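Read off the chains here:
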Amino acid sequence: MYLYNSATHKKEEFQTHTPGHVEMYTCGPTVYHFAHIGNLRSYIMEDVLEKFLRYSGYDVNRVMNITDVGHLSSDADTGEDKMLKGARREHKTVMEIAKFYTDAFFADCEKLNIRKPDTVQPATGCIGEYIEIIQGLLDKGYAYVAGGNVYFDTSKLQRYYIFNDHDEEDLAVGVREGVEEDTNKRNKNDFVLWFTKSKFEDQALKWDSPWGVGYPGWHIECSGISLKYNGDYLDLHCGGVDNAFPHHTNEIAQSESFIGHPWCKQWFHVHHLNTNSGKMSKSKGEFLTVSLLEEKGYDPLSYRFFCLQSHYRKSLVFSWENLDNAQGAYQKLIKRVAALDPGDGTVDQAVLGEYREKFTQQVGNDLNTSMGVTLLYDALKAPASGATKLAILESFDQVLSLSLLEKAAAVREEQAKVKAAQAQAGYTVTGEGDPEIDALVKARGEAKKAKNFAEADRIRDELKAKGIEITDVPGGAVWKRV
Ligand code: AMP
Ligand code: ZN
């Protein structure tokens, strides 16, 4: 596969340290609030990437952290711990908040058909590992203690900026964040590895360490967790584009200084979901969740379909109108799949292989998911048997995860039930598989039976206005769209 690598700014052939095996790491959510659908865009695209790699024959070990400590309200080590803020907002303990929002996150993932990573590790579970890395960095001269905290010394690196050629002045903490600069820092981009002193003395979770009782910085958790579960050679690191700086930049600084060799080759960054008023953000407190979409009558998989139609390296604008369009298209797609007859012919392995090959080629070109969706429609139009088409769709859905076959089977079942009920009522409606129209046609038949011709004509006119033509047949009616 070819994938754009943010570290080299180029599309490159994907390569792994061990042939056929991928060590993959994903920055997990900060669990002080519900994930918003922007966060979930990142997780959907990462899920497709993981599944595509498996589809292409790789064996994948995917690891994700859960940030339940250390992420301050500014990524530049200032402000309050986000978890503490969440706990205060809800009058709960930090651990209660973490448990509640971790469960909520995975419930949302399930609704969006996002596979749970092989390992999910809360940050609070690996304190010993962070301490070991921090001690190693101090021993090697990459870190220093100042004012009670341990800092990473970015001046010790030959190259600090990996993803962008930043203008250092622009990144001066005080300028960027509009906050006071930490005077303990020797260089403005130095960052905290271990806090014992911060402005917020009421930090709820603290641990003993060689530098005093305190808590880890945010960046060290991802280095610690990845080194523990992925080993010293990481093939693929994922996150939203806002994570590139400072978070991923700092992860690279710590990990490579500690292990003494290049760490991760391939960096995959998903661009943001925006609304017309800007980036969707958890900390702003106003955001859209999967539950809200459901309350408004949307199928969460319509949102997944919406995300798949655009490229992960372009920001995506969310609007209700766009989601309506996606939901309409998704429902139509399911109806088309439902109209395929599984008993029609047998699976033509050559055609299936040809489509699999096309899918691998096209989606494998920098995770072009919208081409994957286009290929679904191509397969529906293919001059092949129903069984072959269903096999192709089933194959693509291993990656796209739109539950196409399951939903189509449910539609078929519903249609069969309606037919059975009609047959029992002695009036059979045959049409194009729309329960609402079926019901109207049936109501007209019943009105006729009851000699209520005015009502029967009224329904016929209503259907006509919808572009439906009815033909009476013995024991029922047949309808079609004209
Ligand atoms: P957080 O829970 O804030 O740590 O973020 C979880 C993930 O969502 C990270 O990978 C972020 O980079 C990503 N993310 C945050 N905001 C957005 C957004 N508006 N669109 C897409 N991804 C986002
Ligand atoms: Zn991370």
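In what follows, the accompanying structure is described. All values derive from a computational prediction rather than experimental measurement.

What counts and how
Residues numbered from 1 in each chain as written. Chains lettered and ligands numbered in written order. Predicted model: local features only at pLDDT ≥ 70, side-chain atom pairs only at ≥ 80, totals over all residues. Heavy atoms only, no water. Helix = DSSP H or I, 4+ residues; strand = E, 2+ residues; numbered from the N terminus. Buried < 20%, exposed > 50% of the residue type's maximum accessible area, 1.4 Å probe, protein only. Polar contact = N/O pair within 3.5 Å; in protein donor to acceptor, adjacent residues only side chain to side chain. Contact = heavy atoms within 4.5 Å. Core = buried A, V, L, I, M, F, W, Y, C linked by side-chain atoms within 4.5 Å. Domains from an automatic or database assignment. Salt bridge = Lys/Arg side-chain N within 4 Å of Asp/Glu carboxyl O. Donors = N, O, S within 2.8 Å, 3.2 Å for Na, K, Ca; no water. Tetrahedral: all angles 85-135°; square planar, octahedral: opposite > 155°, others 65-115°. Pairing = 2+ DSSP bridges. Axes fitted to C-alpha atoms, helices over the stretch in contact; angles between N-to-C directions. Parallel < 35°, antiparallel > 145°, perpendicular 65-115°, else oblique.

A few points about the side chain of Thr196
Among the secondary structure elements, Thr196 is positioned in the loop between β8 (191–195) and β9 (215–216). For Thr196, a relative accessible area of 16% gives the class buried. Polar contacts involving the side chain of Thr196 include one to the main-chain carbonyl oxygen of Gly148, which spans 2.4 Å. Discounting residues that sit within four places of it in the chain, Thr196 has contacts with Gly148, Asn149, Trp211, Gly212, Val213 and Gly214.

Quick word on the nonpolar core
Grouped together as the largest cluster of nonpolar side chains are 132 residues, with contacts concentrated most on Leu49, Leu236 and Tyr303. If you tally residues by element for this core, the top one is helix α1 (residues 37–55), at 10 residues. Lining this core are residues from two domains, each supplying at least three of them: domain 1 (2–270) and domain 2 (294–405). Once residues lying within four places of it in the same chain are set aside, the contact partners of Leu236 are Leu3, Phe14, Val22, Glu23, Met24, Tyr25, Leu49, Leu53, Cys264, Gln266 and Phe268. One finds Tyr427, Ile437, Leu440 and Val441 within the second-largest nonpolar core, a separate group that totals 11 residues.

Quick notes on the pattern of salt bridges
Within this structure, the stated rule accounts for 26 salt bridges. Across the salt bridge formed by Lys111 and Glu294, the nearest N and O atoms sit 3.0 Å from each other. Here Lys111 is found in helix α3 (residues 94–111), whereas its partner Glu294 is found in helix α8 (residues 290–295), with 183 residues between them in sequence. With a relative accessible area of 32%, Lys111 lands in the partly exposed category. Residue classification places Glu294 among the partly exposed positions, given a relative accessible area of 32%. A salt bridge links Glu455 to Arg458; the nearest nitrogen and oxygen atoms lie 3.0 Å apart. Of this pair, Glu455 and Arg458 both sit in helix α16 (residues 453–465), three residues apart, which is roughly one turn of the helix. By relative accessible area, which is 27% here, Glu455 ends up partly exposed. By sharing partners, the salt bridges in this structure join Glu46, Glu50, Arg54, Arg62, Arg115 and Asp118 into a single network.

What to know about the coordination of the zinc ion (ligand 2)
Coordination of the zinc ion (ligand 2) by the protein involves Cys27 (SG), Cys222 (SG), His247 (NE2) and Glu251 (OE), with metal-donor separations of 2.0 to 2.7 Å. Coordination geometry of the zinc ion (ligand 2): the four donor atoms subtend angles of 74 to 132 degrees at the metal centre, consistent with an arrangement described as irregular. The sequence motif formed by the donor residues of the zinc ion (ligand 2) is C-x194-C-x24-H-x3-E. Of this pair, Cys27 sits in the loop between β3 (21–26) and α1 while Cys222 sits in helix α6 (residues 218–229), and the two are 195 residues apart along the sequence.

What about the sheet that holds strand β17 (residues 476–481)?
If you trace the three strands from one edge of the open sheet to the other, you get β15-β17-β16, paired in mixed fashion. Strands with a single pairing partner mark the edges of an open sheet, and in this sheet they are β15 (428–430) and β16 (468–473). Sheet twist, expressed as the mean angle between neighbouring strand axes with direction ignored, is 20 degrees. When β16 meets β17, the two strands line up antiparallel, connected through six bridges. Looking at β17, one finds that Thr471 is bridged to Val478.

Focus on the packing of helix α4 (residues 127–139) against helix α7 (residues 244–259)
Running from N to C, α4 and α7 cross one another at 70 degrees; their axes reach a closest spacing of 9 Å. Considering the angle they form, α4 stands roughly perpendicular to α7. Together, Glu132, Ile133, Gly136 and Leu137 of α4 and Gln254, Ser257 and Phe258 of α7 make up the contact between the two elements.

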